[in-house]
Amino acid sequence: GAVVSQHPSWVICKSGTSVKIECRSLDFQATTMFWYRQFPKQSLMLMATSNEGSKATYEQGVEKDKFLINHASLTLSTLTVTSAHPEDSSFYICSANRLRDMHTGELFFGEGSRLTVL
Amino acid sequence: GNSVTQMEGPVTLSEEAFLTINCTYTATGYPSLFWYVQYPGEGLQLLLKATKADDKGSNKGFEATYRKETTSFHLEKGSVQVSDSAVYFCALSDPQGGSEKLVFGKGTKLTVNP
């Protein structure tokens, strides 16, 4: 199967600092990676779509200067929460698609990263 | 636009009970349909999928049939176990329609008691 790994799985930081979360596809090349934020009571919000070597496409209402996304290679995308504040505390999940599954749209998800900002 | 509506939870069942979680969708093209499961503290895992009308996806005793006439993809299991306790998400993807994004329902939390 296709494996997507996120790191760190949980992080605690002080308000005003920046935090970087990595998302790696371990055994396949991901043409596109997606970043989600999961709020309490489960709902998933798509934050942005990133393609290797190009700028991420952000969903409406997501601050691109706040949530920096870099997709430097076909196996790695990073999300940096800049100048984090307590309201940024959340569960962030990445996902990736695989070339051979593009006709179905199936995505493979990371384990998620729990961010707590004090 | 594309959207997914799924049954709101939480759902609480006793072990060996029958489970149905309803899911209906709206799509402009011919979407693929998915059920993802999220166990406590974890990311999402694909449970099953169906890529065209009348397809039945199945895995771990769960089943869902792609019904184009009713635009539904209800999840069923004949006999749930405590280990099935999780949040279940219905989702669609419509890559042929020009969007590779997954559109999720709001999730349904299932708790199975022994």
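What comes next concerns the included structure.

Analysis parameters
- Residues numbered from 1 in each chain as written.
- Chains lettered and ligands numbered in written order.
- Predicted model: local features only at pLDDT ≥ 70, side-chain atom pairs only at ≥ 80, totals over all residues.
- Heavy atoms only, no water.
- Helix = DSSP H or I, 4+ residues; strand = E, 2+ residues; numbered from the N terminus.
- Buried < 20%, exposed > 50% of the residue type's maximum accessible area, 1.4 Å probe, protein only.
- Salt bridge = Lys/Arg side-chain N within 4 Å of Asp/Glu carboxyl O.
- Disulfide = S-S within 2.5 Å.
- Phe/Tyr/Trp six-rings, centres within 6.5 Å; stacked < 30°, edge-to-face > 60°.
- Pairing = 2+ DSSP bridges.
- Axes fitted to C-alpha atoms, helices over the stretch in contact; angles between N-to-C directions.

## Here we look at unusual backbone geometry
Residue His7 of chain A is joined to Pro8 of chain A through a cis peptide bond whose omega torsion reads 0°. Between Gly9 of chain B and Pro10 of chain B the backbone carries a cis peptide bond, its omega angle lying at -5°. Residue placement: Pro10 of chain B occurs in the loop between strand S1 (3-6) and strand S2 (11-14). The backbone phi angle of Glu16 of chain B is positive, close to 80°, even though this residue is not glycine. When you line up the elements, Glu16 of chain B lands in the loop between S2 and strand S3 (19-21). A residue is classified by how much of its surface remains accessible, and Glu16 of chain B, at 61% relative accessible area, is exposed.

## So, the pattern of salt bridges
In total, this model carries six salt bridges over all chains according to the counting rule given. When the shortest N-O distance is used, the salt bridge between Asp88 of chain A and Lys66 of chain A registers 2.7 Å. In this pair, Asp88 of chain A sits in the loop between strand S8 (76-81) and strand S9 (90-98) while Lys66 of chain A sits in the loop between strand S6 (57-58) and strand S7 (67-73), placing the two residues 22 residues apart along the sequence. Accessibility expressed as a relative area gives 12% for Lys66 of chain A, which makes it buried. We note a salt bridge from Lys52 of chain B to Asp55 of chain B, for which the minimum N-O separation is 3.3 Å.

## Description of the state of the cysteines
Scanning all chains against the criterion turns up two disulfides over all chains. Covalently, Cys23 of chain A is tied to Cys94 of chain A through a disulfide, its sulfur atoms 2.0 Å apart. Taking the sign of the S-S torsion, 80° for the link of Cys23 of chain A and Cys94 of chain A, the bridge is right-handed. One end of the pair, Cys23 of chain A, is in strand S3 (residues 19-25); the other, Cys94 of chain A, is in strand S9, and 71 residues separate them in sequence. In this structure Cys23 of chain A comes out as buried when scored by relative accessible area, which is 0%. Cys94 of chain A sits in the buried class, given a relative accessible area of 0%. Between the sulfur atoms of Cys23 of chain B and its disulfide partner Cys90 of chain B the distance amounts to 1.9 Å.

## Re the packing of aromatic side chains
Evaluated as defined, the whole model comprises eleven aromatic pairs over all chains. Plain terms: the ring middles of Phe34 of chain B and Tyr36 of chain B are 5.9 Å apart, the flat faces sit at 40° to each other, and that makes the pair tilted. Owing to a relative accessible area of 0%, Phe34 of chain B belongs among the buried residues under this scheme. A relative accessible area of 0% means that Tyr36 of chain B is categorised as buried. Through a chain of ring-to-ring contacts, the aromatic side chains of Tyr36 and Phe109 of chain A together with Phe34, Tyr36, Phe89 and Phe104 of chain B assemble into a single cluster.

## What about the sheet that holds strand S9 (residues 75-77) of chain B?
Within a sheet, each strand pairs with its neighbour through backbone hydrogen bonds, oriented either parallel or antiparallel. Residues and elements named next belong to chain B. An order of S3-S9-S8-S7 is seen for the four strands of this open sheet, with the pairing classed as antiparallel. Taken across any chain shown, the strands that pair with only one partner, and hence form the sheet edges, are S3 and strand S7 (56-59). The average angle at which neighbouring strand axes cross in this sheet is 15°, direction not considered. In the sheet, S7 pairs with strand S8 (residues 62-65) via four bridges, with the strands oriented antiparallel. Paired with Lys56 across the two strands is Thr65, which belongs to S8.

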